[in-house]
Amino acid sequence: QAKGKGGNSLHFYSQQMFDDFQNRLALESDLKLALAQQQFTLHLQPKINLANRKLQGLEALLRWHSPARGMVSPDEFIAVLELAHLMIPVGYWVIEQSFRIMVQLQAAGFKDATLAINLSAAQLNDTKLPTFLDGLLQQHQLSAALFELELTESMLANNINETIKSMQRLKSRGFRLAIDDFGTGYSSLSYLRQMPVDTIKIDKSFVFGMLDNQADFDIITSTIAMVRKLGLEVVAEGVETQAQCKTLTQHQCDIGQGYLFSRPIPSDTLIEQLQANLHDNGQWR
Ligand code: C2E
Ligand code: MG
Ligand code: MG
Ligand code: MG
């Protein structure tokens, strides 16, 4: 480990930076092919209503099956897509596929299940996005209220007025809006009040620690109370244990999402897996 200001550390950091740069270029060139060669897929993770245990909806999560690298998680490649200006075209693909999945859900009788789509900053600022969405709603004859667009707290920090305008353009069409990874960015409560959002998703890092760490517990319970008081829906992500689920339910968290209920499910087996996991009364197993 290079520490301090020793003579060799410059070399160490340069080599490291060079390697990082090379890795990124290689990743970028692989990603450029990925869209054309249809290496992306979507996985869908259920969101469960904690009060009645019913399926509330699903979140679409992008996966990249690279022939050379295997399955790559979005945490490793979303940032590179953004740097390479590929997030908008890949994002269009995600949205189109999400509409197809919604059509399948409707046909299978999951009439009220919503579908959440993650948007990055470039997509939110893309002036062609609203028209693109209008076209898909029209084509598939679907209500915008079936879709929820997730924006992370950190991307809302810069250029707040423009961001709110973009959000309003989507909201006016009837799309639901969510703030993802809440608590990890630095959005102020006064902005939150101005934003046309429906849902707050508490970041999974707080859920992971909530039963071992008093501060995380306090953050979780007070966020749930605040969000509900604002009249918004609150989701806890990263629910992995029954104990977390029980405590979140006791504190009136509306929705839970996490490995306890289900890992993200590949889109090609989605309907059968949902049917297998739901009891006749509509409750999740
Ligand atoms: P996110 O939107 O906050 O999604 C939640 C992440 O937590 C997902 O990681 C999910 O697989 C993971 N997760 C869910 N439940 C649990 C749990 O119980 N335990 C643990 N340890 N993890 C859980 P994933 O799929 O790797 O996605 C990472 C991030 O990449 C997403 O975070 C989102 O910000 C971004 N992302 C994914 N798909 C898209 C996309 O289509 N477009 C954009 N712009 N971003 C995307
Ligand atoms: Mg999300
Ligand atoms: Mg999140
Ligand atoms: Mg995240």
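Heads up: the structure comes first, above all this text.
The notes below deal with the structure included here. Because the structure is predicted, anything quoted here is derived from the model rather than measured.

1. Some remarks on the packing of aromatic side chains
Any aromatic ring pair is given by two values, namely how distant the centres are and how the planes are angled relative to each other. Evaluated as defined, the whole model comprises six aromatic pairs. With centroids separated by 6.0 Å and ring planes inclined at 45°, the aromatic side chains of Phe 40 and Phe 77 adopt a geometry described as tilted. Of this pair, Phe 40 sits in strand E1 (residues 40–49) while Phe 77 sits in helix H2 (residues 74–83), and the two are 37 residues apart along the sequence. With a centroid separation of 4.2 Å and an interplanar angle of 40°, the aromatic rings of Tyr 92 and Phe 132 are classed as tilted. With Tyr 92 in helix H3 (residues 87–107) and Phe 132 in helix H5 (residues 129–140), this pair connects stretches of sequence that are 40 residues apart. Taken together through their ring pairs, the aromatic side chains of Phe 40, Trp 64, Phe 77 and Trp 93 make up a single cluster. Of note, Arg 263 hangs over the ring of Tyr 259, and the distance from its end group to the ring centre comes to 3.8 Å.

2. Thoughts on unusual backbone geometry
Excluding glycine, residues mostly carry a negative phi; peptide bonds, for their part, are mostly trans. We note that Gln 38 has phi near 55°; this positive angle belongs to a residue other than glycine. Phi angles above zero are rare outside glycine, and Gln 141 is one such case at about 50°. Mapped onto the elements of the fold, Gln 141 is located in the loop between H5 and strand E5 (147–152).

3. Topic: the coordination of the magnesium ion (ligand 2)
Around a metal, the perfect tetrahedron of four donors has angles of 109.5 degrees, and the perfect octahedron of six donors has angles of 90 or 180 degrees. Taken together, Glu 59 (OE), Asn 118 (OD1), Glu 150 (OE) and Asp 180 (OD) make up the full set of protein donors to the magnesium ion (ligand 2), lying 2.0 to 2.2 Å away. Taken in chain order, the donor set of the magnesium ion (ligand 2) reads E-x58-N-x31-E-x29-D. Taken as an interatomic distance, the gap from the magnesium ion (ligand 2) to the magnesium ion (ligand 3) is 4.3 Å; Asp 180 donates to each of them. Taken together, the residues Asn 118 in strand E4 (residues 114–118) and Glu 150 in strand E5 connect sequence positions 32 residues apart.

4. Quick look at the environment of Asn 52
Looking at the element boundaries, Asn 52 is found in the loop between E1 and strand E2 (55–66). Judged by relative accessible area, which is 31%, Asn 52 ranks as partly exposed. The sequence separation of Asn 52 and Ala 225 amounts to 173 residues, and the corresponding C-alpha distance is 19 Å. There is a polar contact of 2.9 Å between the side chain of Asn 52 and the backbone nitrogen of Lys 54.

5. Some thoughts on the pairing of strand E6 (residues 176–182)
Looking along a regular strand, one sees side chains alternate from face to face of the sheet. Of all seven residues making up E6, five are buried, and the element is well covered by its neighbours. In this sheet, E6 lies alongside E5 in parallel orientation, the contact comprising five bridges. Across the sheet, the residue bridging to Leu 149 is Leu 177, located in E6. One crossover worth recording links E5 to the parallel E6 by way of helix H6 (residues 160–171), and it is right-handed. Relative to strand E7 (residues 199–202), E6 runs parallel, the two being bridged by three bridges.

6. Re the coordination of the magnesium ion (ligand 3)
Of the protein atoms, only Asp 180 (OD), Asp 181 (OD), Glu 237 (OE) and Glu 237 (OE) coordinate the magnesium ion (ligand 3), at distances of 1.9 to 2.5 Å. Spacing between the donor residues of the magnesium ion (ligand 3) along their common chain follows D-D-x55-E. For Glu 237, a relative accessible area of 9% translates into the label buried.

7. So, the site of ligand 1
Around ligand 1, a shell composed of 26 residues is seen, among which Arg 63, Asn 118, Asp 180, Glu 240 and Tyr 259 lie nearest. Residue Tyr 259 places a main-chain N or O atom 2.8 Å away from an oxygen atom belonging to ligand 1. Coverage of ligand 1 by the protein chains reaches 89% of its 800 Å² of free accessible surface. Taken together, the elements giving at least two residues each to the shell around ligand 1 come down to E2, H2, H3, E6 and helix H8 (204–209).

8. A word on the packing of H3 against H5
Contact geometry for H3 and H5: axes closest at 11 Å, N-to-C directions at 25°. One way to sum up the angle between H3 and H5 is to call them roughly parallel. Pair H3 / H5 crosses with right-handed handedness. When H3 is examined against H5, the residues Tyr 92, Ile 95, Glu 96, Phe 99 and Val 103 are found in contact with a partner set consisting of Leu 129, Phe 132, Leu 133, Leu 136, Leu 137 and His 140. Looking at side-chain class alone, the contact of H3 with H5 contains nine nonpolar, one polar and one charged residues.

About the criteria used
Residues numbered from 1 in each chain as written. Chains lettered and ligands numbered in written order. Predicted model: local features only at pLDDT ≥ 70, side-chain atom pairs only at ≥ 80, totals over all residues. Heavy atoms only, no water. Phe/Tyr/Trp six-rings, centres within 6.5 Å; stacked < 30°, edge-to-face > 60°. Helix = DSSP H or I, 4+ residues; strand = E, 2+ residues; numbered from the N terminus. Lys NZ or Arg CZ within 6 Å of the ring centre and 35° of its normal. Donors = N, O, S within 2.8 Å, 3.2 Å for Na, K, Ca; no water. Buried < 20%, exposed > 50% of the residue type's maximum accessible area, 1.4 Å probe, protein only. Polar contact = N/O pair within 3.5 Å; in protein donor to acceptor, adjacent residues only side chain to side chain. Pairing = 2+ DSSP bridges. Right-handed = clockwise from strand over helix to strand, strands pointing away. Near = heavy atom within 4 Å. Areas by Shrake-Rupley, 256 points an atom, 1.4 Å probe, with all protein chains shown as cover. Axes fitted to C-alpha atoms, helices over the stretch in contact; angles between N-to-C directions. Parallel < 35°, antiparallel > 145°, perpendicular 65-115°, else oblique. Left-handed = near helix turned anticlockwise from the far one by under 90°. Contact = heavy atoms within 4.5 Å. Nonpolar A, V, L, I, M, F, W, Y, C, P; charged D, E, K, R; others polar.

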